[in-house]
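Overview (structure and organization)
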Amino acid sequence: MTPVVSATDGAAALAAILTPRFLRKLDRLHLRVRRSLSTRPGNTPMPRGSQGSGIEIESHKAYDPGDDLRHLDWNAYGRLDQMLIKTFRAEREAPLHIFLDVSASMATPPADGKVAFGLGLAASLAYISVRNHDPVRVVAVGAAVPRLYRASPFFSHRQAMPRLRDFLLALRPEGTTALATGVDAALREQRTPGVAVVLSDFLVDPAVYESALASLVARRFTVAAVRLIGPGERDPAPLFRRAQLVDAETGAQRYVTLTAANLARYHQALAEHLSGLATFCSRCGIIFSVADTAAGLEQSLFADLPAAGLIH
């Protein structure tokens, strides 16, 4: 059974993002992590990744006649009486790969708005990336998606945001989760490392999300996992007391009476799920954040994700 999700929910979320006022706020943000080995188009790879100019100092070398004196380290000269030339780490692209879970569970319960929130967060991160001259693509993963994933082209300019918006609006949450298989299939065709952000509710067996995230780490991506959650998932008590629940992905049905004991067991299971995901990410050096749809997109972008270390 596929949950009914209004297409206008995603459209409204993206319309709110792509306003000049909100984009000016995003202009202040930068991706904190940059670990790509790819060079910018047209650049000549530098030996050992060093060059004569740049942003980040790599090391020093002894002065040779003809070296640019603008890069002379005067502090070293004053302390050591040696003429040392600063060399810099070669500028690299940090392609951003946004893996967006589009399984049916992302639309359940509908009032939580995980789909619209995920689209808005994906668009915001994409804008931050291209605004800072790093290309971005969005990869939708799910069992109902052809070949388990659907990837946008790489976008490199702000002028491409309308095309990214159209790509996002065409996505529909349906079918079972395919995090591990979808990510693996996408990586077989695009191996350029960079930053990988996985937006999902991670409602799968831990072995599945661990496999998906570990495969990105193994391929030398800097990885961030953002767990989307809404108020209905945090506390289902306001939604029903007794009902026939239908699994959004498998169609399995069960009658549930939300007694105090059952509610306590649910809260315990949710806490263990979130703790297990956070622990795995910490152990593997993966950035982790929980994005609560009730708190809003700005809370995630300007507080939670900076606190986690993804953006600043």
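Residues numbered from 1 in each chain as written. Predicted model: local features only at pLDDT ≥ 70, side-chain atom pairs only at ≥ 80, totals over all residues. Heavy atoms only, no water.

**Section: the environment of Leu199**
Counting through the fold element by element, Leu199 comes out in strand 7 (residues 195-200). Along the sequence, Leu199 and Asp101 sit 98 residues apart, while their C-alpha atoms lie 6.2 Å from each other. The residues touching Leu199, leaving out its near neighbours within four places in the chain, are Ile98, Phe99, Leu100, Asp101, Gly118, Leu121, Ala122 and Val226. (Helix = DSSP H or I, 4+ residues; strand = E, 2+ residues; numbered from the N terminus. Contact = heavy atoms within 4.5 Å.)

**Brief notes about the side chain of Lys114**
Its place among the elements puts Lys114 in helix 4 (residues 114-131). Residue class for Lys114 comes out buried when judged on its relative accessible area of 1%. A polar atom in the side chain of Lys114 sits 3.1 Å from the backbone oxygen of Ser105. Among all residues touching Lys114, those that are not within four sequence positions of it are Ser105, Met106, Thr108, Asp201, Leu203, Leu228, Ile229, Glu233 and Thr293. (Buried < 20%, exposed > 50% of the residue type's maximum accessible area, 1.4 Å probe, protein only. Polar contact = N/O pair within 3.5 Å; in protein donor to acceptor, adjacent residues only side chain to side chain.)

**As for the environment of Pro173**
Turning to its location among the elements, Pro173 is positioned in the loop between helix 5 (161-169) and helix 6 (179-189). Its relative accessible area of 8% is what places Pro173 among the buried residues. Along the sequence, Pro173 and Glu249 sit 76 residues apart, while their C-alpha atoms lie 10.0 Å from each other.

**Here we look at the sheet that holds strand 5 (residues 136-141)**
What the six strands build is an open sheet, ordered 6-5-4-7-8-11; its pairing is mixed. The sheet is open, and its two borders are formed by strand 6 (149-151) and strand 11 (287-292), each paired with just one other strand. Going from strand to strand, the sheet's axes swing by 20 degrees on average, the running direction of each strand aside. Across six bridges, the pairing between strand 8 (residues 222-229) and strand 11 is parallel. Bridging across to strand 11, Ala225 finds its partner in Phe288. Contacts from helix 5 reach strand 4 (96-101), strand 5 and strand 6 within the one sheet, and its direction differs from that of strand 5 by about 5 degrees. Contacts from helix 6 reach strand 4, strand 5, strand 6 and strand 7 within the one sheet, and its direction differs from that of strand 5 by about 140 degrees. (Pairing = 2+ DSSP bridges. Axes fitted to C-alpha atoms, helices over the stretch in contact; angles between N-to-C directions.)

Coordinates in, geometry out; function isn't part of it.
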